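An overview of the molecular structure
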Amino acid sequence: MSDQERCKAGDWVEVESILLEPADRSKNLPPDTAAQPLRMWVKGFAQADAVVGEELTVQTVTGRIVGGALSEINPGYFHTFGKPIPELVHVGTDLRERLAAYRAGKAGV
Amino acid sequence: MATRFDQIMSRRGEIMRRALGMDYSKFERSPIAFDYEGMMGDHGYSLDDIKRIQTEAGVGDTPLLELRNITDLARSMSAAGMGARIFVKDEAANLAGAFKDRRASVSIHVAKEKGYEGVIAATSGNYGAAVSSQAARYGLKCIICQETFDSRHIGQPEIIEKSRICEAYGAEVIQMTVGPELFFHMVELLDQTGYFAASLYSSFGVSGIETLGLEIANEMRALTGAPPTVCMITHAGGGNTTGTARGLKRAGATETQIVSASVDLSGLHMASDHDFNRKSFTTGHTGFGVPFATWPDRADVPRNAARPLRYIDRYLTVTQGEVFYITEAMSKLEGLERGPAGNTAMTAAVSLARELPREATLVVQETEYTGAGKHHWAQLNFAREMGVEVRLGDPAENKPGTVIVIPERPEQIQAKDFDLDRMRRSYIRNAVKAAPADYEPSAADIEFLAADTNIDTETAARLVREVKEA
């Protein structure tokens, strides 16, 4: 088993649990949401060795002890800006030209 | 049998009373009316006190910038003699990158003074970053409950970034799937931990925004000789509108018109698992703006300090595509790369400036930080991944969740008026319905409803009669 699937006690990890089953949820939900359980992910320091998917407790940064299935070890963030948006790439040059024209007294398009 | 949800929610009043350190029942006057100003002043802080608290917290006194290029852009599309001067209060310059720092600073100050060990807030927005940052400065523990993912564990990049920044400031972030039970878990955690409820809607938080209105009035007096003709406010839960407008009034800027603006998200359900990742905005939208204005007391406190109908003179909506266009324009023309949601009011301002004379001044009262995920490119790339079409065209064809239409030309940016009278009627209906069915509203109730919706008492009395008869 690779290290990525097994954590040691003290590792920074994330656990997943179900907070409310569909039957226990608020009665005021649209059907697509009502059909789903309310799930929760919490990060903390593993209190034991575990394999991904195994039940584990973690100690969070506030000191709470929270249980759940080990979902990630050393979880990171990979959000980005992505590629330029083709529909927006001309906005800058278009508007600078427009301003130059307006200021030169040739207002409007 | 009562579920865990029901059990916690039935004890909610008692838990919140301890967690807010404030008994709201003393402000209640009847099943409809309460003493709003009494509640707002109960913390005992003057505006000078709040200013001092914020200075110590590293919050406020952000730059007020004149946007000469955006102004000329609006003038290039205006009739002769028209096109107001546009200014912006660069609230992104606050510690955690948004005006929300003003709110958080007062809440954290109160939590510290009252001796709480930690604070909890339920928010997927900039407020989480603000509370986390202030809690770090004052050595308080902090838990942020976030609605982060749909049922497939996919999250909007903007909310993922909010998770990251809260953790960067040392908060425990609880990420959840879609659903209003976020608040249920917050209440459960308040009960479990004994922490302070750093609610967005307490009088502490909303009082903290009043300094923004005060700064705008004073800085505009120094720059132009008078408070602004119009203050444009991005509107979601109503705190921004309420706090800024109160601050302007307290600074004597009673003539300044309060114009709020939201991104139109009509057609999308805010609690829908499917719609969750097709909004392309996490705040500043009608999905919060309309329900919170028409029933403020749906919030996590017994009485909401954010009561925007008291102050709004005009409510405008803009489309998603228009806001993304103006966000790009702000970078390219003004050197201000800021987050898209905070540019909602800016987008409406470019449209509104064309209706105002050149002598008029228009202050857009906030910006917010930007970065990976929390950026218009990230939002548009993600929208495409979620199956939302992105194309150039007439913004009138924009349909939230289905197609985002980027304007081809700036002339196409046209903010639309939202019917404020409809919102007032809806608020009064909700207020009357919240009271027992056989309760007959008194003259004092009518006066309260008139003040809470900024209408005269005759109109309020007529609207109450209509609701009762319906």
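Below is a summary of the structure that appears in this document. All values reported here derive from a predicted model rather than from experimental measurement.

1. Looking at the nonpolar core
All names here are of chain B. Counting 166 residues, the largest nonpolar core has Val119, Val131, Met232, Ala349 and Leu352 as its most contacted members. At eight residues, the largest contribution of residues to this core is made by helix α10 (residues 203-224). Setting aside chain neighbours within four positions, we find Met232 in contact with Val259, Ala261, Ala345, Ala348, Ala349, Leu352, Leu362, Val363, Val364 and Gln365.

2. Quick word on the interface of chain A and chain B
Across the boundary between the two partners, chain A contributes 37 residues, which contact 49 residues of chain B. No other element matches helix α2 (residues 91-103) of chain A, which puts seven residues into the side of chain A that touches chain B. Residue composition of the side of chain A that touches chain B, by class: 19 nonpolar, ten polar and eight charged. Of the strand pairs in this sheet, strand β3 (residues 38-46) of chain A and strand β5 (residues 172-177) of chain B are connected by three bridges, and their pairing is antiparallel. Pairing of Met40(A) across the sheet is with Met176(B), part of β5(B).

3. Remarks on the packing of helix α12 (residues 286-294) of chain B against helix α16 (residues 420-434) of chain B
All names here are of chain B. Viewed as axis vectors pointing N to C, α12 and α16 meet at an angle of 55°, and their least axial separation amounts to 8 Å. On the basis of their axis angle, the class for α12 and α16 is oblique. Every residue of α16 that contacts α12 at Val290, Ala293 and Thr294 is listed here: Met423, Ser426, Tyr427 and Asn430. For the contact of α12 with α16, the residue count by class is four nonpolar, three polar and no charged.

4. Quick notes on helix α15 (residues 376-385) of chain B
Residues and elements named next belong to chain B. Taking burial as the measure, the ten residues of α15 include seven buried ones, the bulk of the element. Taken together, the buried positions of α15 are His376, Trp377, Ala378, Gln379, Leu380, Phe382 and Ala383. Looking at the buried positions of α15, the neighbouring elements they touch are α8 (157-168), α13 (320-334), β11 (389-393) and β12 (403-407). Directly after α15, the chain includes Gly387, whose backbone phi takes a positive value near 90°.

Here is what the cut-offs are and how they apply
Residues numbered from 1 in each chain as written. Chains lettered and ligands numbered in written order. Predicted model: local features only at pLDDT ≥ 70, side-chain atom pairs only at ≥ 80, totals over all residues. Core = buried A, V, L, I, M, F, W, Y, C linked by C-beta atoms within 7 Å. Buried ≥ 20, exposed ≤ 12 C-beta atoms within 10 Å, placed from the backbone. Helix = DSSP H or I, 4+ residues; strand = E, 2+ residues; numbered from the N terminus. Contact = placed C-beta atoms within 7 Å. Nonpolar A, V, L, I, M, F, W, Y, C, P; charged D, E, K, R; others polar. Pairing = 2+ DSSP bridges. Axes fitted to C-alpha atoms, helices over the stretch in contact; angles between N-to-C directions. Parallel < 35°, antiparallel > 145°, perpendicular 65-115°, else oblique.

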